[in-house]
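The chain contents come next:
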Amino acid sequence: MAERSLPKYTRGRRNTHRSSSSSTFADSSLHFQSSRKFQSNNPTNHTTRSSEPNSNPNDNNITNWDTADDQANHPTLVGTCPFMCPVEERVQRERLRDLAVFERLHGNPRKSSPTLAVKKFCRTISAKHDQASNVRPLSVLEDTLNYLSNLWDSTEHPFEVVHDFIFDRTRSIRQDLSMQNIVGGQVIQLYERMVKFHVISHHKLRRCCGNSNISSMHHLNMEQLTKAVTSLYNLYEANRTSHSIYENEAEFRSFYVLLHLGSDSQPMGESISLWFRRVPSLVMKSKEMCFARRVLRYFRLGNYKHFICTTEAEASYLQYCIIEPYICEVQALAVCCVNYGGYKLNPYPLEDLSRLLMMKESDVESFCSGCGLQIYTDEIGKKFLPTKQTNFSHPKKVFQNYSLLQSERLERAAAECSKLL
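Residues numbered from 1 in each chain as written. Predicted model: local features only at pLDDT ≥ 70, side-chain atom pairs only at ≥ 80, totals over all residues. Heavy atoms only, no water.

**Details of the overall build of the protein chain**
Phase 1: Each helix and strand counted, the protein chain has 15 helices and five strands in total.
Phase 2: For the protein chain, the proportion of its 421 residues judged to be buried stands at 52%.
Phase 3: Contacts spanning at least 24 positions in sequence make up 74% of the contacts within the protein chain whose residues lie at least 6 apart.
Phase 4: Accessible surface, the protein chain: about 19200 Å² in total, of which carbon and sulfur atoms supply 51%. (Helix = DSSP H or I, 4+ residues; strand = E, 2+ residues; numbered from the N terminus. Buried < 20%, exposed > 50% of the residue type's maximum accessible area, 1.4 Å probe, protein only. Contact = heavy atoms within 4.5 Å. Areas by Shrake-Rupley, 256 points an atom, 1.4 Å probe, with all protein chains shown as cover.)

Below you can see the structure in the form of C-alpha cells.
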C-alpha cells in the first residue's frame, strides 16, 4: 500500500479482550440481506455442532449471539484450539465425507490432516455454549488466514471453487474473533485482508457471472463484504486514540461511499449524510475519501466525462473493483448523450468517442453496436457514429472486457494488491 501523509496509528499495543458491550463487533445484521441461505460447496453441509435446516430469518449474523444480559453473566471465551480445524470437527467431517477439495489428503475424500483441514463456518453457534477447545486463538487465526491467502492464486481449480472455500473459511475466522471479543491492531489487519478478499472477489465474480450459481455467489459475497467492512469500521473506532487514524483506514472508509453508487437505498443500513458525521476529520480530508465523494457526485449528476477520467487517473485497484460495475453504465450514458445531442449532418468521429470513453476504437464499435447504433466508414477508412439514431438502447451485454483495466496504472495496482492479500 502506498505511503500516506496521514498519521499512522501505532500498532504495537497489546491485544485486549473487550467487556460484554463488545458484542457489537459481531458482524451486524444489515438491511442488505437475502432470503437465500448460504450453502457449502460440498454435497453435504454438516457441521461439528449443528446444522441449519430451520434457520431464523435474521441468522445472517456471523454468530447467533445471546442477549446482552446473558453475555454479561458469562466470562469471555478464550480459544485454545492449536489447529486450523478442531480435531473433533475434522474427524466427523472425514467420516461424513464433508471435505472440500483443498482439504483432502492425496485427493482422498475421506481423509484429511491438521495441515489441510480448516474449520467451517457454523451458523447456529453460541459463545456461551461452545468449548474453548473448538475456538482458535488469535495466533492460529492469523496462520489460518495466511494459509487461505496462499490458495488465492491457485490455478488448479476454477476461481469460483477457490472463492467458495475461502469465503466459508474466512466467515469462520470472523466467527471465532467475534466469540472471543478480541480487538486490537492485529485484528484490524486480519479484517482488512478479509475485506480485501471480498472486494477483489466482487470484481472477479462479476467477470464470470455466466450462470445462476455464480450470480448467487456474487450476491452473497456482497452481503458478507458489507458485514465485514462494518465490523472493520467498529474496530477502527474501538482502537481510536487521540486524533490518529490507521494507515489504510482512509481507503477502506471510502468503500462505504462507493458502495452507494447507483443506489437510492442504503445497502449498509445508514445514509451517507448521517455516516459522514461520525467519520474522523482526517479521513474526510484524505485523498481517498475526496476521490470517492467526487466520483459519487459525478455519477449522480451524470457527468460521464469527469467520472471516467477521475476513475482512470485516481482510483486504487480496490476502489476500482467496486466502481467497475457502473463504468459500462456511464459509458452507455456518454454514447446516448453524443447520439441525441449531436448534429445529424455532423457524424461523431469514432476516434474522438474512443478517447472520451477511454476504450479502444475497435471496442467502441462493438459497444455502439451493443447499444443498437450503426457505425459507418468513409472512403479513407475513418469511422464515424451517425447521430440522432432513434434505435438506441442500453446494452444488455456486460462489456467487462472493455473496462478501464486496460490502464497500465490500474494493471500495476492490481498486481501489487494481489500480492498483499
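On we go.
**Description of the nonpolar core**
Phase 1: Counting 95 residues, the largest nonpolar core has Leu 177, Val 195, Phe 307 and Leu 353 as its most contacted members.
Phase 2: The dominant element in this core, judged by the number of residues it contributes, is helix 12 (residues 317-341), at 14 residues.
Phase 3: Not counting residues up to four positions away in its chain, the partners in contact with Leu 177 are Leu 138, Leu 141, Ile 182, Val 187, Leu 190, Tyr 191 and Met 194. (Core = buried A, V, L, I, M, F, W, Y, C linked by side-chain atoms within 4.5 Å.)

**Focus on unusual backbone geometry**
Phase 1: Non-glycine residue Arg 97 carries a positive phi angle of around 55 degrees.
Phase 2: Considering the arrangement of structural elements, one finds Arg 97 in the loop between helix 2 (87-95) and helix 3 (138-151).
Phase 3: Look at Met 358: it is not a glycine, yet its phi comes out positive at around 55 degrees.
Phase 4: Tracing the backbone shows Met 358 in the loop between helix 13 (350-357) and helix 14 (361-370).
Phase 5: Note on Met 358: relative accessible area 28%, which makes it partly exposed.

**Let's talk about the sheet that holds strand 4 (residues 376-377)**
Phase 1: The three strands are arranged 3-5-4 in an open sheet whose pairing can be described as antiparallel. In the strand order of this sheet, the two ends are held by strand 3 (348-349) and strand 4, each with one partner. (Pairing = 2+ DSSP bridges.)

**Let's talk about helix 3**
Phase 1: Taking 1.5 Å of rise per residue, 14 residues should cover 20 Å, and helix 3 covers 20 Å from first to last C-alpha, within 8% of that figure.
Phase 2: Within helix 3, the full set of buried residues consists of Leu 138, Val 140, Leu 141, Thr 144, Leu 145, Tyr 147, Leu 148, Ser 149 and Leu 151.
Phase 3: Buried residues along helix 3 sit in contact with helix 4 (159-180), strand 2 (182-183) and helix 5 (185-207). (Expected span 1.5 Å × (residues − 1).)

**Re the environment of Val 229**
Phase 1: Considering the arrangement of structural elements, one finds Val 229 in helix 6 (residues 212-238).
Phase 2: Assessed through its relative accessible area of 0%, Val 229 is described here as buried.
Phase 3: Counting along the chain gives 38 residues from Val 229 to Tyr 191, while the straight-line C-alpha distance between them is 7.8 Å.

**Topic: the side chain of Gln 180**
Phase 1: Looking at where Gln 180 falls in the secondary structure, it is placed in helix 4.
Phase 2: Of note is the side chain of Gln 180, whose polar atom sits 2.8 Å from the backbone nitrogen of Gly 79. (Polar contact = N/O pair within 3.5 Å; in protein donor to acceptor, adjacent residues only side chain to side chain.)

**With respect to a nonpolar patch on the surface**
Phase 1: Judged by side-chain polarity, Phe 83, Val 87 and Val 91 come together as a nonpolar surface patch covering roughly 220 Å² of accessible area.
Phase 2: Looking at where Val 91 falls in the secondary structure, it is placed in helix 2.
Phase 3: Classification of Val 91 by relative accessible area gives partly exposed; the value is 41%. (Patch = residues over 30% accessible without salt bridge, like charges linked within 9 Å, V, L, I, M, F, W, Y side chains within 5 Å. Salt bridge = Lys/Arg side-chain N within 4 Å of Asp/Glu carboxyl O.)

**Points about the packing of aromatic side chains**
Phase 1: Counted according to the given criterion, the structure contains 13 aromatic pairs.
Phase 2: Relative to Phe 165, the ring of Phe 102 has its centre 5.0 Å away and its plane inclined at 40 degrees; by these criteria the two rings are tilted. Here Phe 102, found in the loop between helix 2 and helix 3, pairs with Phe 165, found in helix 4; they are 63 residues apart in sequence, far enough to count as distant.
Phase 3: Seen from their ring centres, Tyr 233 and Trp 275 are 5.9 Å apart, and the 40 degrees between their planes marks the pair as tilted. Taken as a pair, Tyr 233 in helix 6 and Trp 275 in helix 8 (residues 272-276) lie far apart in primary sequence, 42 residues in all.
Phase 4: Between Arg 171 and the ring centre of Phe 121, over which it is positioned, the NZ or CZ distance is 3.9 Å.
Phase 5: Just above the ring of Phe 276 sits the side chain of Arg 293; from NZ or CZ to the centre is 5.0 Å. (Phe/Tyr/Trp six-rings, centres within 6.5 Å; stacked < 30°, edge-to-face > 60°. Lys NZ or Arg CZ within 6 Å of the ring centre and 35° of its normal.)

**Quick notes on the packing of helix 10 (residues 287-301) against helix 11 (residues 304-314)**
Phase 1: As a packed pair, helix 10 and helix 11 sit with axes 9 Å apart at the nearest point and diverge in direction by 155 degrees. Taken as axis vectors, helix 10 and helix 11 run roughly antiparallel relative to one another. Taken as a pair, helix 10 and helix 11 cross one another with a handedness that is left-handed. Residue-level contacts link Phe 291, Arg 294, Val 295, Tyr 298 and Phe 299 of helix 10 to His 306, Phe 307, Thr 310, Thr 311 and Glu 314 of helix 11. (Axes fitted to C-alpha atoms, helices over the stretch in contact; angles between N-to-C directions. Parallel < 35°, antiparallel > 145°, perpendicular 65-115°, else oblique. Left-handed = near helix turned anticlockwise from the far one by under 90°.)

**Examining the pattern of salt bridges**
Phase 1: The full count for this structure, using the stated rule, is 18 salt bridges.
Phase 2: With a shortest N-O distance of 2.7 Å, Arg 169 and Asp 168 are connected by a salt bridge.
Phase 3: You can call Arg 169 buried: its relative accessible area is 0%.
Phase 4: Taking relative accessible area as the criterion, Asp 168 reaches 3% and is therefore assigned buried.
Phase 5: A salt bridge links Glu 324 to Arg 206, with the shortest nitrogen-to-oxygen separation between them at 3.3 Å. Of this pair, Glu 324 sits in helix 12 while Arg 206 sits in helix 5, and the two are 118 residues apart along the sequence. Across this residue pair, the class does not change: Glu 324 and Arg 206 are buried.
Phase 6: Through salt bridges with shared partners, one network takes in Glu 89, Arg 93, Glu 103, Asp 168 and Arg 169.

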